[in-house]
Amino acid sequence: MTAATPMPVVVLISGSGSNLQALIDGALSGALPISIRAVISNEPEAFGLIRARRARIEGRVLNHRDFPTRAAYDRALVDLIDGYRPGLLVLAGFMRILTPAFVARYRGRMLNIHPSLLPSYRGLHTHQRALDAGETLHGASVHFVTEELDGGPLVLQARVPVHPGDDAATLAVRVLEQEHRIYPQVVRWFAEGRLVLGPDGRPRLDGQVLAEPLLLDQLTQAQATAAQ
Ligand code: GRF
């Protein structure tokens, strides 16, 4: 994949779409070698659909309430997605549990972002749960998607300190800022062909197995050192 042939990407959302916006901005600036072919939402009122429209990206609604079962919804979703022939499927706040058939179909080419330092705090309400537990460090994780909910192989994490007086909303804002840095970074690696999910189920970056997730602050330090 070269800069001349950007990787086709489909983004799935359910809500605000601020991570989608970070990808749109990256693609527009030329930093990300991707072409977002479609944004698909299960929620008709998702603000991310407006973001897509503003960027002249096709926005599609596939409302889960119109389907009798999860399996029927996911089959329709596959049909819709595959019409765009994506090389990468990006889950960006897509609030649906996926069927095993769906996950298997996109194995190795589906990424998700989760607002916690996985494996801590899978599932919902991560910020409040981290606060309730008295954590001093929280964050966000990008991972390949597997059948295990929020349990797929980790690629990159950003750590966010919990400040005294934080509530779930203030913490969410600071975590989102970091999400908007790590998701474009991982999408870029994938689109450049540098990041793959190996047959052993472990991610490889530039041929190196990631036994542990990378950390954004370490990357930034390494880049700063390399630039000196
Ligand atoms: C983010 O916190 C993401 O980690 C989680 O859902 C939220 C989506 O936010 N999966 P947005 O729609 O990208 O603004």
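Above this note sits the structure.
We now turn to the structure provided with this report. (Residues numbered from 1 in each chain as written. Predicted model: local features only at pLDDT ≥ 70, side-chain atom pairs only at ≥ 80, totals over all residues. Heavy atoms only, no water.)

Notes on the sheet that holds strand E3 (residues 58–61)
Quick reminder of the rule: Strands are labelled as partners when DSSP assigns at least two bridges between them. Secondary structure counts use DSSP, requiring at least four H or I residues in a row for a helix and at least two E residues in a row for a strand, with both numbered from the N terminus.
Strand order in the open sheet made by the 8 strands is E3-E2-E1-E4-E5-E6-E7-E11, with mixed pairing throughout. Because the sheet does not close on itself, it has two edges, and the strands there are E3 and strand E11 (214–215). Pairing analysis gives 7 bridges linking strand E6 (residues 137–144) to strand E7 (residues 154–161), with the strands arranged antiparallel. By the bridge assignment, Val142 is partnered in E7 with Leu156.

Focus: the site of the ligand
Applied cut-off: The criterion for a residue being near a molecule or strand is simple. One of its heavy atoms has to lie within 4 Å of it. Nitrogen and oxygen atoms within 3.5 Å of one another constitute a polar contact, given that in protein one can donate a hydrogen and the other can accept it, and given that sequence-neighbouring residues count only through two side-chain atoms. To measure how exposed things are, a 1.4 Å probe is used in the Shrake-Rupley method; for residues, cover is taken only from the protein chains shown. Only protein atoms enter the calculation, which uses a 1 Å grid: trapped sets of points that fit a 1.4 Å probe without letting it out are cavities, open sets showing protein on both sides within 12 Å along at least five of seven lines are pockets, and any residue with an atom within 4 Å of a point is a lining residue. Whether a molecule lies in a cavity or pocket depends on its atoms, and more than half of them have to be within 2 Å of the grid points. Put simply, Ala, Val, Leu, Ile, Met, Phe, Trp, Tyr, Cys and Pro go in the nonpolar bin, Asp, Glu, Lys and Arg in the charged bin, and everything else, Gly too, in the polar bin.
As a structural note, the neighbourhood of the ligand is formed by Ser16, Gly17, Ser18, Asn19, Gly93, Ile113, His114, Pro115, Leu176 and Glu179. At 2.5 Å, a side-chain N or O of Ser18 approaches an oxygen atom of the ligand. One of the side-chain N or O atoms of Glu179 is found 2.8 Å from an oxygen atom in the ligand. Look at the ligand: alone it shows 370 Å² of surface, and the protein chains cover 83% of it. Taken atom by atom, the bulk of the ligand overlaps the largest pocket. Elements that contribute at least two residues to the shell around the ligand include exactly helix H1 (18–29), strand E5 (110–114) and helix H6 (168–191). By residue class, the composition of the shell around the ligand is 3 nonpolar, 6 polar and 1 charged.

Description of the sheet that holds strand E8 (residues 195–197)
Ordered in space as E8-E9-E10, the 3 strands form an open sheet in which the pairing is antiparallel. Unpaired on one side and paired on the other, E8 and strand E10 (208–209) mark the two borders of the sheet. Looking at chain direction, E8 and strand E9 (residues 203–205) are connected through 3 bridges and run antiparallel. Within E9, the position partnered with Leu197 by the bridge is Pro203.

Looking at helix H2 (residues 47–54)
Which entries qualify depends on this criterion: Here's how the labels work: a residue is buried when its accessible area is under 20% of the maximum for its type, exposed when over 50%, partly exposed in between, all with a 1.4 Å probe on protein chains only. When we speak of the arc, we mean the arc of directions from the helix axis to the C-beta atoms. Should any heavy atoms of two residues lie within 4.5 Å, those residues are considered in contact.
The complete set of buried residues in H2 reads Gly48, Leu49, Arg51 and Ala52. End-on, the buried residues of H2 take up no more than an arc of 155 degrees, which puts them together on one face. Exposed residues lying more than 90 degrees from the buried face of H2 are Arg53 and Arg54. Residues of H2 that are buried in the fold lie against strand E1 (7–13), H1, strand E2 (34–41) and E3. With its phi angle positive at about 60 degrees, Arg56 sits one or two positions after the end of H2.

Observations concerning the side chain of Thr99
Mapped onto the elements of the fold, Thr99 is located in the loop between strand E4 (88–91) and helix H4 (100–105). In this structure the side chain of Thr99 is engaged in a polar contact, spanning 2.7 Å, whose partner is the side chain of Asp74. Residues in contact with Thr99, not counting those within four places in the same chain, are Arg70, Ala71 and Asp74.

Overview of the packing of aromatic side chains
Our working rule: Ring geometry is summarised as follows: Phe, Tyr and Trp rings, the Trp one being its six-membered ring, pair when their centres sit within 6.5 Å, and such pairs are stacked at plane angles under 30 degrees, edge-to-face over 60 and tilted between the two.
All told, the structure shown has 3 aromatic pairs when counted by the stated rule. Judged by centre distance (5.0 Å) and plane angle (55 degrees), the rings of Phe102 and Tyr106 are tilted. We note that Phe102, like Tyr106, is buried.

Here's the deal with the nonpolar core
As a reminder of what qualifies: Think of a nonpolar core as a cluster: buried Ala, Val, Leu, Ile, Met, Phe, Trp, Tyr and Cys residues, connected wherever their side-chain atoms sit within 4.5 Å.
Formed by 44 residues in total, the largest nonpolar core has its most connected members in Val11, Ile36 and Val90. Among the elements that make up this core, the one with the highest residue count is H6 (9 residues). Excluding residues that lie within four positions of it along the chain, Val11 makes contacts with Leu20, Leu23, Ile36, Ala38, Val39, Ile40, Val90 and Ala92. Core analysis: the next-biggest nonpolar cluster, separate from the first, contains 21 residues, Leu77, Leu89, Phe94 and Tyr106 among them.

Notes on the pattern of salt bridges
Stated formally: Definition used for salt bridges: Asp or Glu carboxyl oxygen within 4 Å of a side-chain nitrogen of Lys or Arg.
Under the defined criterion, the tally for this structure stands at 11 salt bridges. Its salt-bridge partner being Glu148, residue Arg122 comes within 2.6 Å of it at the nearest N-O pair. With Arg122 in the loop between E5 and helix H5 (126–132) and Glu148 in the loop between E6 and E7, the pair connects residues that are 26 residues apart, well separated along the chain. Residue class for Glu148 comes out partly exposed when judged on its relative accessible area of 45%. A salt bridge links Arg202 to Asp200; its shortest N-O distance comes to 3.4 Å. Of the residues examined, Arg202 reaches a relative accessible area of 41% and is grouped as partly exposed. Look at the salt bridges and you will find they share partners, linking Arg188, Glu192, Arg194 and Asp206 into a network.

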